[in-house]
Amino acid sequence: MDPVYAHATETIVARATPSGEGAIGVIRLSGSDAISIADRYFHGKKLEDQAGHTLHYGEWKTVEGEALDEVVAALFKGPHSYTKEDVVEISCHGSPFILRRILEMCIEAGARLAEPGEFTLRAYLNGRMDLSQAEAVADLISSSSAAAHHMAMHQLKGGVSREIGELREKLIEFASLIELELDFAEEDVEFADREKFLELVRRIREKVVRLMESFSLGNAIKEGIRTVIAGRPNAGKSTLLNALLEEDRAIVSDIPGTTRDTIEEMLTIRGVQFRIIDTAGIREAHDQIEAIGVERTMQALQQSALIVYVFDITTVSPEELAEDIRKLDAGKIPLLLAANKMDLNPHEKAQRFAVSDLAEEQIIPVSAKNNMNVGFIKDKMYDLAVAHQLEKGETLVSNARHYGALLRTRESLDAVLKGMEDGVTNDWIAMDIRQALHYLGEITGAISTEDLLDNIFSNFCIGK
């Protein structure tokens, strides 16, 4: 263990359940003295003499013998525990007073209050998991949808680690041959097949780029797919928002320009969270406040992962709609058109409004007021935003730190490829390979610094 983590030999204690009153509360101890500290106050079976992975009922008493509470002690003996150290978890009644007293008594007996994320930090330092898996623990705790949970579990089980590990292994194999050539530079020998090496670097670069490209979806699933509802004033955007949410969240009025600022709500579709943003109607502003609202609408559109454009079939012509879509300048952002107010003209054909470059399936006839086809819109939102990528079952990168490391890896691999094409010397190529290996190693923690670990684990909750 690195000397800077000498404090990791101390026994730590923290509350593992949220603050506040509850039926049950849990205090967690980890370290070489965890069992002896618990035995000082736990009156039941002597924990030191019991097998690991067992539960024991007893009383928690002060040193004077006064009973504080009836508790259950869960015993985990290292290395078969979360931290690979001896761990005792005390389950008691969820009284803030009881929990505070148990914490105080453990500290009086020699334990130290744990820092945020310190239990998981120890699991990483002791080889229980790598760094990307440790970060997945925090993602798992904060996951608020089935998709985010699935993605965090995949990373916790080593999905990202395996991908990165395979890339590093292949690169290390050839890097070692390049380094060997440097040792025999005066003898002009070549151990590494240059054509095979070039092909390998290209393949690794392709995989790195694929992982980088998955970040937009992975991060969106983690944070919620940013979906903007846009359109002209009085097109029915707020009515559609209310219909999607199945509640009256936005004010609905026949007066154009009712919505003057963005309204954001969360919606879960098939286990994926969508951040639905209702925006001000897009038109020539009539006053300064409306102008600010329209400006915020345009900003929201540029930052979105999906756009649902609502238009009124009774007032907008196909030519006007085409012009509206052109002004959106959505680029590669998936776009769904909601042909609203079909109840006012049920004989109208929504496909008549088909815009070039837009598939007919992306135009949906809707009556937001009568809830017509609102369920179908949800299905199309899911299909456009995530269905294709999720069905592939590929590893998704959702961590901004991982994305940054992959970006630097790609730049280093580009330098390797350019260097080989330009015929630079082996020492320069070796230096760029080392850089690529370093950045890949940062993701899993094969390469780490104290500052990096402090930054990661300080974002964890205390007790995890």
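The structure displayed is predicted, hence computed values, not measured ones. (Residues numbered from 1 in each chain as written. Predicted model: local features only at pLDDT ≥ 70, side-chain atom pairs only at ≥ 80, totals over all residues. Heavy atoms only, no water.)

J.: Just checking my understanding: could you explain the overall build of the protein chain for this structure?
T.: Helix and strand counts for the protein chain come out as 15 helices and 13 strands. The buried share of the protein chain, reckoned over its 464 residues, is 49%. About 22,800 Å² of surface is accessible on the protein chain, with carbon and sulfur atoms providing 50% of the total. (Helix = DSSP H or I, 4+ residues; strand = E, 2+ residues; numbered from the N terminus. Buried < 20%, exposed > 50% of the residue type's maximum accessible area, 1.4 Å probe, protein only. Areas by Shrake-Rupley, 256 points an atom, 1.4 Å probe, with all protein chains shown as cover.)

J.: In this structure, what is going on with the pairing of strand β9 (residues 263-269)? I would like to understand it.
T.: A regular strand carries its side chains on alternate faces of the sheet. Sheet topology places β9 next to strand β10 (residues 272-278); 7 bridges connect them, and they run antiparallel. Bridge assignment links T268 to a residue of β10, and that residue is Q273. Counted between consecutive antiparallel strands, the loop separating β9 from β10 contains 2 residues, among which R270 sits at a positive phi close to 50°. (Pairing = 2+ DSSP bridges.)

J.: Would you take a moment to explain the confidence of the model for the protein chain for this structure?
T.: Per-residue confidence for the protein chain gives a mean pLDDT of 83; residues scoring 70 or more make up 86%. Overall, residues 250-261 carries pLDDT values under 50, and its contacts beyond four positions in sequence, including any with other chains, amount to 31 contacts. (pLDDT = per-residue confidence, 0-100. Contact = heavy atoms within 4.5 Å.)

J.: Please explain the nonpolar core as it appears in this structure.
T.: Nonpolar side chains in soluble globular proteins tend to be buried together. Core analysis: the largest hydrophobic core is formed by 36 residues, its most contacted members being I221, I225, L240, F274, I377 and M381. If one sorts the elements of this core by residue count, helix α12 (residues 374-392) sits on top with 7 residues. Residues L171, F174, A405 and L406 belong to the second largest nonpolar core, which totals 30 residues. (Core = buried A, V, L, I, M, F, W, Y, C linked by side-chain atoms within 4.5 Å.)

J.: What is the right way to read a nonpolar patch on the surface from this model?
T.: A cluster of nonpolar side chains, contributed by L55, Y57 and V72, occupies part of the molecular surface with about 330 Å² of accessible area. Relative to the helices and strands, V72 resides in strand β5 (residues 67-76). (Patch = residues over 30% accessible without salt bridge, like charges linked within 9 Å, V, L, I, M, F, W, Y side chains within 5 Å. Salt bridge = Lys/Arg side-chain N within 4 Å of Asp/Glu carboxyl O.)

J.: Quick question: what am I supposed to make of empty space enclosed by the protein here?
T.: Unfilled space is identified by rolling a water-sized probe across the atoms. All told, the structure shown has 1 cavity of 30 Å³ or more when counted by the stated rule. The computed volume of the largest cavity comes to approximately 70 Å³. Lining the largest cavity are D139, S142, S143, A148, M151, A152, Q155, K222 and S398. Only α4 (131-142) and α5 (146-156) provide two or more residues apiece to the lining of the largest cavity. Broken down by element, the lining of the largest cavity gets its largest block of residues, 4 residues, from α5. Grouping the amino acids of the lining of the largest cavity by side-chain chemistry returns 3 nonpolar, 4 polar and 2 charged. (1 Å grid on protein atoms, 1.4 Å probe; cavity = no way out; pocket = protein on both sides within 12 Å on 5 of 7 lines; lining within 4 Å. Points joined across faces, edges and corners; volume = space filled by probe spheres on them. Nonpolar A, V, L, I, M, F, W, Y, C, P; charged D, E, K, R; others polar.)

J.: Where do I start with the sheet that holds strand β8 (residues 225-231) in this structure?
T.: Two orientations exist for strands paired in a sheet by backbone hydrogen bonds: parallel and antiparallel. The strand order β9-β10-β8-β11-β12-β13 describes an open sheet built from 6 strands, whose pairing is mixed. Edge positions in the sheet fall to β9 and β13 (363-365), since each of these pairs with one other strand and no more. The sheet shows a mean angle of 25° between the axes of neighbouring strands, direction not considered. (Axes fitted to C-alpha atoms, helices over the stretch in contact; angles between N-to-C directions.)

J.: Looking at this model, I keep getting lost on the pairing of β8. Mind explaining?
T.: Buried residues dominate β8, accounting for 7 of its 7 residues. Burial of β8 is two-sided: the residues I225, T227, I229 and G231 facing one way and the residues R226, V228 and A230 facing the other way are all buried. Here β8 pairs with strand β11 (residues 306-312) via 5 bridges, running parallel. Paired with T227 across the two strands is L306, which belongs to β11.

J.: When you look at unusual backbone geometry in this model, what are you seeing that I'm missing?
T.: What you tend to see is this: most non-glycine residues have negative phi, and most peptide bonds are trans. Cis geometry marks the peptide bond from G78 to P79, where omega comes out at 5°. Residue position: P79 is located in the loop between β5 and β6 (87-94). A positive phi angle, close to 70°, is found at K84, a residue other than glycine. Along the chain, the position of K84 falls in the loop between β5 and β6. Owing to a relative accessible area of 32%, K84 belongs among the partly exposed residues under this scheme.

J.: Would you take a moment to explain the pattern of salt bridges for this structure?
T.: Any two side chains of opposite charge can pair, so long as their charged atoms come close to each other. Within the structure shown, the criterion is met by 21 salt bridges. Among the ionic pairs, E59 bridges to K61, the shortest N-O distance being 3.6 Å. Between D383 and R270 there is a salt bridge whose closest N-O contact spans 4.0 Å. Of the two residues, D383 sits in helix α12 while R270 sits in the loop between β9 and β10, which places them 113 residues apart along the sequence. Beyond isolated ion pairs, a larger network of salt bridges with shared partners links E10, E85, R112, E118 and R122.

J.: Looking at this structure, I do not really get helix α11 (residues 318-328). What am I missing?
T.: An α-helical turn contains 3.6 residues, so a residue and the one three or four places further along point in the same direction. Considered for burial, the residues of α11 that qualify are P318, L321, D324, I325 and L328. All buried residues of α11 project into a common sector of 115° when viewed along the axis, lining one side. In α11, the exposed residues that point more than 90 degrees away from the buried face are E319, R326 and K327. D329 sits one or two residues past α11 and shows a positive phi near 50°. (Arc of directions from axis to C-beta.)

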